[in-house]
Amino acid sequence: FFDGSSHSTRSVKKGDAFFIFDRSLPFGLKTSVSSFCAVSSLVRDFVQEKLGVAATCMAYIDDFVILGPKDAVARGITLLREVLQTIGLPENPLKMNTPSSSGTYLGIDYDFSDPWAVSLTLPPEKKARYIKHLEYYISKAEKNCPSAPSLAIPRTELQSLVGKVCHAAYVFQSGRPFYARLLYTLRSGGKRLSLSSGAIDDLRWWVSVLTNHSGTVILHHHQIINKIYTDASTSTGFGAIFNGNYFHGTWSSEVSALVSDFHITINELELVTLNFALETWGSDLAGSTVHFRCDNLACVYNIASMSSKIPIRAALLRRLYATAAHYGITLQSSYINTHDNLHADTLSRGKMQEFFDLPQRHSLVAVSSPVLSAMGLLTNPHGPSDFTNTIYRSRFCEFLKFGEENMFSNF
């Protein structure tokens, strides 16, 4: 024991309640963050106990925020400041906010003035700083190898890059698949890491989004969720239905051969069917939440994690979320048992008479020419169908624009 001037020892009997108060947190050590979080969490819980259900107190490391009605928030701020002052933790004068319908938390600007359209914004100065940082490494990689840009950088620099795109992904949630390769590289170990040409492409994707987007998105708490039912069959084909609009088809001979040789599984077929559906109906679903109902658990997990270690599925996810980002769509997915997914199941197997005999909630309308361009990813994950890489990105934008002007047309 150290009381500030001398050391001593004490014996503690088994079963005794023993409390330690550390007056000097070990900053600079690996345990410093967890030690500080233990204190800030205690402050948060104490303030929340005093506030009851009137307001909510949240804390992330050293950032606190109180949400609720104006009077309750004012009371919570006063209480929080009293607690911080009592225990000797100083408040940052730059973050001394009064109750307001807008504010900044963890580097994101929130606006609650319209409860039906709560918005969050990546501050312009942060966005500009992120773009400049990303462009620096892209330029460096292009100078290193113009034909197939790649770059070796220190681990600390890659950590900084990943931190910035992860933070931006809180606003641009469809961008999460576009830092998966950066994370994989970061976790591979070593003091100096190599960014592949694919990882550099991901950086370009982020620069494009951050440059061309306002940086503000709307959180639609009360929006209608559009459900799309999909299914794929290894022996026949695919099918999808949305509010009575439906399409189905068979796999190409090349895809069927890969399935027979076990180079492609049902998981990839289910995932590419989601691409077909989103690219076919994307412009009609712009700005909404799309909920895929799928009877393949691997596909559901991929949507939830926005990632996959399998190259083909990773490419399919990048294309899916690039489309979602273009239309401002939020993606969700949940499992549905095959026996409850009969409409999509009969479509994928080409059992059209059984499909028409099923109870229908909407008038049926066949999509004459569904957009099936993503099928190329099954045979060549990095070929012309991968519109997210350097060579084909502009073509992807043209493809989406064309789809908006010519709905249900092939490209």
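Below you will find a few notes about this structure. (Residues numbered from 1 in each chain as written. Predicted model: local features only at pLDDT ≥ 70, side-chain atom pairs only at ≥ 80, totals over all residues. Heavy atoms only, no water.)

## Concerning the overall build of the chain
1) Next: In terms of regular secondary structure, the chain is built from 14 helices and 14 strands.
2) Next: Within the span of the chain, comprising 411 residues, buried residues form 43% of the whole.
3) Next: In the chain, once contacts between residues fewer than 6 apart in sequence are set aside, the share between residues at least 24 apart is 69%.
4) Next: When the accessible area of the chain is evaluated, it comes to approximately 22500 Å², of which 55% is carbon and sulfur surface. (Helix = DSSP H or I, 4+ residues; strand = E, 2+ residues; numbered from the N terminus. Buried < 20%, exposed > 50% of the residue type's maximum accessible area, 1.4 Å probe, protein only. Contact = heavy atoms within 4.5 Å. Areas by Shrake-Rupley, 256 points an atom, 1.4 Å probe, with all protein chains shown as cover.)

## Regarding the pattern of salt bridges
1) Next: The full count for this structure, using the stated rule, is eight salt bridges.
2) Next: Here D202 and R181 are joined by a salt bridge, their closest N and O atoms 2.8 Å apart. Separated by 21 residues along the polypeptide, D202 in helix α6 (residues 197–212) and R181 in helix α5 (residues 180–186) bring together distant segments of the chain.
3) Next: On the accessibility criterion, D202 (0% relative accessible area) is buried.
4) Next: With a relative accessible area of 21%, R181 lands in the partly exposed category.
5) Next: Between E279 and R319 there is a salt bridge, with its nearest N and O atoms 2.6 Å apart. (Salt bridge = Lys/Arg side-chain N within 4 Å of Asp/Glu carboxyl O.)

## Details of α6
1) Next: End to end, α6 covers 23 Å across 16 residues, agreeing with the expected 22 Å (1.5 Å per residue, within 8%).
2) Next: Among the 16 residues in α6, twelve count as buried, and that is most of the element.
3) Next: Taken together, the buried positions of α6 are G198, A199, I200, D201, D202, L203, R204, W205, W206, V207, V209 and L210. (Expected span 1.5 Å × (residues − 1).)

## Quick notes on the environment of T280
1) Next: Structurally, T280 is set in helix α8 (residues 266–281).
2) Next: Look at T280 and you get buried, because its relative accessible area is 0%.
3) Next: Once the C-alpha coordinates of T280 and V371 are considered, the two residues, 91 residues apart in sequence, prove to be 5.1 Å apart.
4) Next: At a separation of 3.0 Å, a polar atom in the side chain of T280 contacts the main-chain amide nitrogen of V371. (Polar contact = N/O pair within 3.5 Å; in protein donor to acceptor, adjacent residues only side chain to side chain.)

## Examining unusual backbone geometry
1) Next: Although it is not a glycine, I61 adopts a positive phi angle of roughly 55°.
2) Next: Residue position: I61 is located in the loop between β1 (56–60) and β2 (63–67).
3) Next: For M306, which is not glycine, the phi torsion reads 60° and is therefore positive.
4) Next: By the element assignment, M306 lies in the loop between α9 (297–305) and α10 (311–327).

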